[in-house]
Amino acid sequence: MSDQPRRPRRPAKPYRRPKKDPVRVLAFEALRAVDERDAYANLVLPPLLRKAREDGDFDARDAALATELVYGTLRRQGTYDAVIAACVDRPLREVDPPVLDVLSLGAHQLLGTRIPTHAAVSASVELARVVLGDGRAKFVNAVLRKIAQDDLDGWLERVAPPYAEDPEEHLAVVHSHPRWVVSALWDSLGGGRDGIENLLRADNERPEVTLVARPGRATTAELLDEEAAVPGRWSPHAVRLAEGGEPGAIAAVAEGRAGVQDEGSQLVALALANTPVEGRDRMWLDGCAGPGGKAALLGALAAERGALLLASEKQPHRAGLVARALAGNPGPYQVVAADGTRPPWRPGSFDRVLVDVPCTGLGALRRRPEARWRRRPDDLEGFAPLQRGLLRTALESVRVGGVVGYATCSPHLAETRAVVADLLKQFPDTELIDARPLLPGVPDLGEGPDVQLWPHVHGTDAMYLALIRRTG
């Protein structure tokens, strides 16, 4: 036996309970809702923030950080997935989704914010201890320490293929879009590298909140009295909240006299309303009215001319939202829950018809960043019959000399020009109207006669509009 005295054992460190960080726990809960329930962050986050404020856990800075963590993580999810995949010893699909959410939140803090490295790692590990347990927190710690060894540019050089070898995959990884979406947007946009990179960057920027002053009910002057409010770029009814803010706290919005509406959507409604028609102008139709933003603006514009708006929406709960948006409209209107492809009204009943058809939503990725990861190319086939059916009904519903506006919040050619071209073949007694003069002051509208708006060019969602007149 050894004569050496035994070293005294170090006393075990007392167990330290993890410290709950309300901001990061809330961000994690929002990401889980998006992942587990296919929820949208812009619907999930506001009630979570409201409850946190009511409970006294949050102030304005906490809410701003939580919002940045959620939206920043979702916008750059594809990039962060590529980085995380390079730092784990298994396929990413084998990492439990809750663990991946914590890693993504940590990656965003390390690579997408100014949070110091040690704070980003320690806060993320502490979050993992709270929501995952101590065992998986060790895994999170090891992965994030690897990620922290380089900055975003350094990681992109390692995980993205060179542009010269694979342009679309390079752009997909660098700008965090699925490859098929990059390809589709590039086809619609045309041009070289600069344009598509500017568009993809714009998709990853937080959009301003844009309000609409509904004619006859509110004025832009009233909205411009709000702090940090500035005029819209193109719509005479638009006001932008340059520093964000809470629209619901504005009296005109709370009372329904104004609303939150992207300027591109406003321009679509205005263009339809301002298109010359031959003869009477008494009956207007919004054939896909939910959730009611365009219907509220169209209803106000129709009221100024003594016209009636019929707002039709297939889903009853969405028809209820339309009725709420139109409540208080100064002129006559009616809301019906009806299938726009099998309408209850007679053919040729309307002077103006708008159909803003359901689509992939690729034009609103700034607002719903998670949509890019949910959509698949096969979704286009699912929407195609509905889009064509709704435009067919619209063309049947308008009288000779009247006008139809076909709109969609997607720039994908299969949802825009292909649909219009197919229906014009089926309705030879129609003609395309040049929509560009009906968006006065808006630059870079292309060769026409239809119009495609772009986030990086116009500061709007990527709304598409074709105006079609029945000629016989």
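Remember, predicted model here, so these are calculated numbers, not experimental data.

Analysis parameters
Residues numbered from 1 in each chain as written. Predicted model: local features only at pLDDT ≥ 70, side-chain atom pairs only at ≥ 80, totals over all residues. Heavy atoms only, no water. Phe/Tyr/Trp six-rings, centres within 6.5 Å; stacked < 30°, edge-to-face > 60°. Buried < 20%, exposed > 50% of the residue type's maximum accessible area, 1.4 Å probe, protein only. Axes fitted to C-alpha atoms, helices over the stretch in contact; angles between N-to-C directions. Helix = DSSP H or I, 4+ residues; strand = E, 2+ residues; numbered from the N terminus. Parallel < 35°, antiparallel > 145°, perpendicular 65-115°, else oblique. Contact = heavy atoms within 4.5 Å. Nonpolar A, V, L, I, M, F, W, Y, C, P; charged D, E, K, R; others polar. Pairing = 2+ DSSP bridges. Right-handed = clockwise from strand over helix to strand, strands pointing away. Disulfide = S-S within 2.5 Å. Expected span 1.5 Å × (residues − 1). Polar contact = N/O pair within 3.5 Å; in protein donor to acceptor, adjacent residues only side chain to side chain. Patch = residues over 30% accessible without salt bridge, like charges linked within 9 Å, V, L, I, M, F, W, Y side chains within 5 Å. Areas by Shrake-Rupley, 256 points an atom, 1.4 Å probe, with all protein chains shown as cover. Salt bridge = Lys/Arg side-chain N within 4 Å of Asp/Glu carboxyl O. Lys, Arg positive; Asp, Glu negative; His and termini not counted. Charge placed at Lys NZ, Arg CZ, Asp CG, Glu CD.

It is worth spelling out the packing of aromatic side chains at this point. Using the criterion set out here, one finds two aromatic pairs in the structure. Judged by centre distance (5.8 Å) and plane angle (90°), the ring pair of W345 and F350 falls under edge-to-face. W345 sits in the buried class, given a relative accessible area of 13%. For F350, a relative accessible area of 2% translates into the label buried.

Where helix α3 (residues 60-75) meets helix α5 (residues 97-111), the axes come as close as 9 Å, and the angle between the chain directions of the two elements is 100°. Considered as vectors, α3 and α5 are oriented roughly perpendicular to each other. Note on element contacts: α5 touches α3 through S104, L105, H108 and Q109, opposite E68, L69, G72 and T73. A class-by-class count of the residues in the contact of α3 with α5 yields two nonpolar, five polar and one charged.

With four bridges connecting them, strand β5 (residues 283-286) and strand β6 (residues 308-313) associate as parallel partners. Across the sheet, residue W284 finds its bridge partner in β6, namely L309. With respect to chirality, the unit in which β5 leads through helix α15 (residues 293-304) into the neighbouring parallel β6 is right-handed. The pairing of β5 with strand β8 (residues 350-356) spans three bridges and is classified as parallel. Within β8, the position partnered with W284 by the bridge is R352.

Looking now at the environment of I84. One can find I84 in helix α4 (residues 77-85). For I84, a relative accessible area of 0% corresponds to the buried category. Measuring from C-alpha to C-alpha, the distance between I84 and L100 comes to 8.6 Å, with 16 residues separating the pair along the chain. Setting aside residues up to four positions removed in sequence, I84 forms contacts with L92, L100, L103, S104 and I147.

This brings us to the state of the cysteines. For the structure on display, the rule yields zero disulfides. There is no disulfide at C288, and the cysteine sulfur nearest it, in C359, is 11 Å away. C359 forms no disulfide, and the closest cysteine sulfur to it belongs to C409, at a distance of 5.8 Å.

When the terminal C-alpha atoms of helix α1 (residues 22-37) are compared, their 22 Å separation across 16 residues agrees well with the 22 Å that a helix rising 1.5 Å per residue should span. Along α1, the residues classified as buried are V23, R24, V25, L26, A27, F28, A30, L31, R32, A33 and V34. The N-cap of α1, judged by a side-chain oxygen 3.0 Å from the amide nitrogen of V23 a few residues on, is D21. Downstream of α1 by a residue or two, D38 has a phi angle that is positive, lying close to 55°.

On the surface, D225, E226, E227 and E243 cluster together into a patch of negative charge. Topologically, D225 is positioned in the loop between α12 (220-224) and β2 (229-231). Look at D225 and you get exposed, because its relative accessible area is 66%.

Helix length check: α3 (16 residues) gives 22 Å between terminal C-alpha atoms against 22 Å at 1.5 Å per residue, within 8%. Buried residues of α3: A63, A66, T67, L69, V70, Y71, G72, T73, L74 and R75, and no others. In this structure, the buried side of α3 is in contact with α1, α2 (41-54), α4, α5, α11 (193-203) and α17 (371-374). If you check the start of α3, you find a side-chain oxygen 3.1 Å away from the backbone N of R61, and it comes from D59.

Time to look at the side chain of D101. By the element assignment, D101 lies in helix α5. Within the local environment of D101, its side chain forms a polar contact with the side chain of R32, the two groups lying 2.7 Å apart. Ignoring any residue separated from it by four or fewer positions in sequence, one finds D101 in contact with F28, L31, R32 and D35.

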